[in-house]
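Each chain is listed here by its residues.
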Amino acid sequence: MEIDSNSLLGAVKELTGKGYSRSFRLHDGQLVDATTGIAFADGEFHIDGAYRFDGAVGWEDSSNLYAISVSCDSTKGLVIDAFDLQRRDLNEAFNTPPLVAMHDDSELAAMKYGVPKVLKAEFNEDPDRYVLRKGFPDFPECPFGQEFSMLGFDRLKMRYVWLVTSIFKDERLAVETYAEVA
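Residues numbered from 1 in each chain as written. Predicted model: local features only at pLDDT ≥ 70, side-chain atom pairs only at ≥ 80, totals over all residues. Heavy atoms only, no water.

## Considerations on the overall build of the protein
Helix and strand counts for the protein come out as five helices and 13 strands. Across the protein, the fraction of contacts at a sequence separation of at least 24, relative to all contacts at a separation of at least 6, is 59%. Counting every atom, the protein has about 9900 Å² of accessible surface; 49% of that belongs to carbon and sulfur. (Helix = DSSP H or I, 4+ residues; strand = E, 2+ residues; numbered from the N terminus. Contact = heavy atoms within 4.5 Å. Areas by Shrake-Rupley, 256 points an atom, 1.4 Å probe, with all protein chains shown as cover.)

Following this line, the structure appears as structure tokens:
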């Protein structure tokens, strides 16, 4: 399926306008409706479109978007994978067709999902400055109408930030879980 938008946020809005209004996640190898919790096994859904959005810095600032329709009813929704393009479970579970590559050349290249973006070079200057927070109740609003489950935090400027994929793979990145610090 072709789309006109060249940004992830624009594509989500465009596909939502085409009826892809549900939010799906992959859990234990199954597609799960994030609202109802209903799981769909392989063969019960179809990938109508798979898109990769390369940011201004290339692969480390990329996101995948999958447009999905459920075979047994008229449910249509999206999976957004913003953390790891090579994650095996998504590619294997979805038996994904080749991703259509888009270049996100939006004016908000220094921002991602409404928060400042931190590139690997900036992280390397002071790795102790940044931490990955999980499950904190004060996360900013997600522009896709969902909720963040984890997000980077800049300890110096005391604000949430978007950490590019290569930072997640860096063993110097500290992780804070809300339950552990509360």
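## What about the confidence of the model for the protein?
For the protein, the mean per-residue pLDDT works out to 79, and 78% of the residues sit at or above 70. Within the protein, strand β10 (residues 130-134) carries the highest mean pLDDT (95), whereas helix α2 (residues 88-94) carries the lowest (52). Under a pLDDT of 50 for its full length, residues 84-89 has, in the predicted model, 13 contacts with residues more than four places off or in other chains. (pLDDT = per-residue confidence, 0-100.)

## Digging into the side chain of Arg133
Mapped onto the secondary structure, Arg133 falls in strand β10. For Arg133, the side chain forms a polar contact with the side chain of Glu176, separated by 3.3 Å. (Polar contact = N/O pair within 3.5 Å; in protein donor to acceptor, adjacent residues only side chain to side chain.)

## Quick notes on the nonpolar core
The biggest cluster of nonpolar side chains holds 22 residues, and the ones touching the most others in it are Leu15, Phe53, Leu65, Leu78, Phe148 and Tyr160. Considering each element in turn, this core owes the most residues, four residues, to helix α1 (residues 8-17). Filtering out sequence-adjacent residues up to four positions away, Phe148 remains in contact with Tyr113, Phe139, Pro140, Glu141, Cys142, Pro143 and Trp162. (Core = buried A, V, L, I, M, F, W, Y, C linked by side-chain atoms within 4.5 Å. Buried < 20%, exposed > 50% of the residue type's maximum accessible area, 1.4 Å probe, protein only.)

## Let's talk about the packing of aromatic side chains
For the coordinates displayed, the defined rule picks out six aromatic pairs. The interplanar angle of 70° and the centroid separation of 5.1 Å between the aromatic rings of Phe153 and Tyr160 together place this pair among those described as edge-to-face. Taken as a pair, Phe153 and Tyr160 share a single burial class, namely buried. Among the aromatic residues, ring-to-ring pairing joins Phe136, Phe139, Phe153, Tyr160 and Tyr178 into one connected group. (Phe/Tyr/Trp six-rings, centres within 6.5 Å; stacked < 30°, edge-to-face > 60°.)

## Things to note about the pattern of salt bridges
Per the counting criterion, the structure on display carries seven salt bridges. A salt bridge links Glu14 to Lys18; the nearest nitrogen and oxygen atoms lie 3.7 Å apart. A salt bridge links Arg172 to Asp170, with the shortest nitrogen-to-oxygen separation between them at 2.7 Å. Judged by relative accessible area, Asp170 falls into the buried class, the value being 12%. Connected via shared salt-bridge partners are Lys120, Asp170 and Arg172. (Salt bridge = Lys/Arg side-chain N within 4 Å of Asp/Glu carboxyl O.)

## Examining a negative patch on the surface
A contiguous patch of negative charge, built from Glu122, Glu125, Asp126 and Asp128, is present on the exposed surface. Inspection of the secondary structure assignment puts Asp126 in the loop between α3 (120-125) and β10. Taking relative accessible area as the criterion, Asp126 reaches 35% and is therefore assigned partly exposed. (Patch = residues over 30% accessible without salt bridge, like charges linked within 9 Å, V, L, I, M, F, W, Y side chains within 5 Å. Lys, Arg positive; Asp, Glu negative; His and termini not counted. Charge placed at Lys NZ, Arg CZ, Asp CG, Glu CD.)

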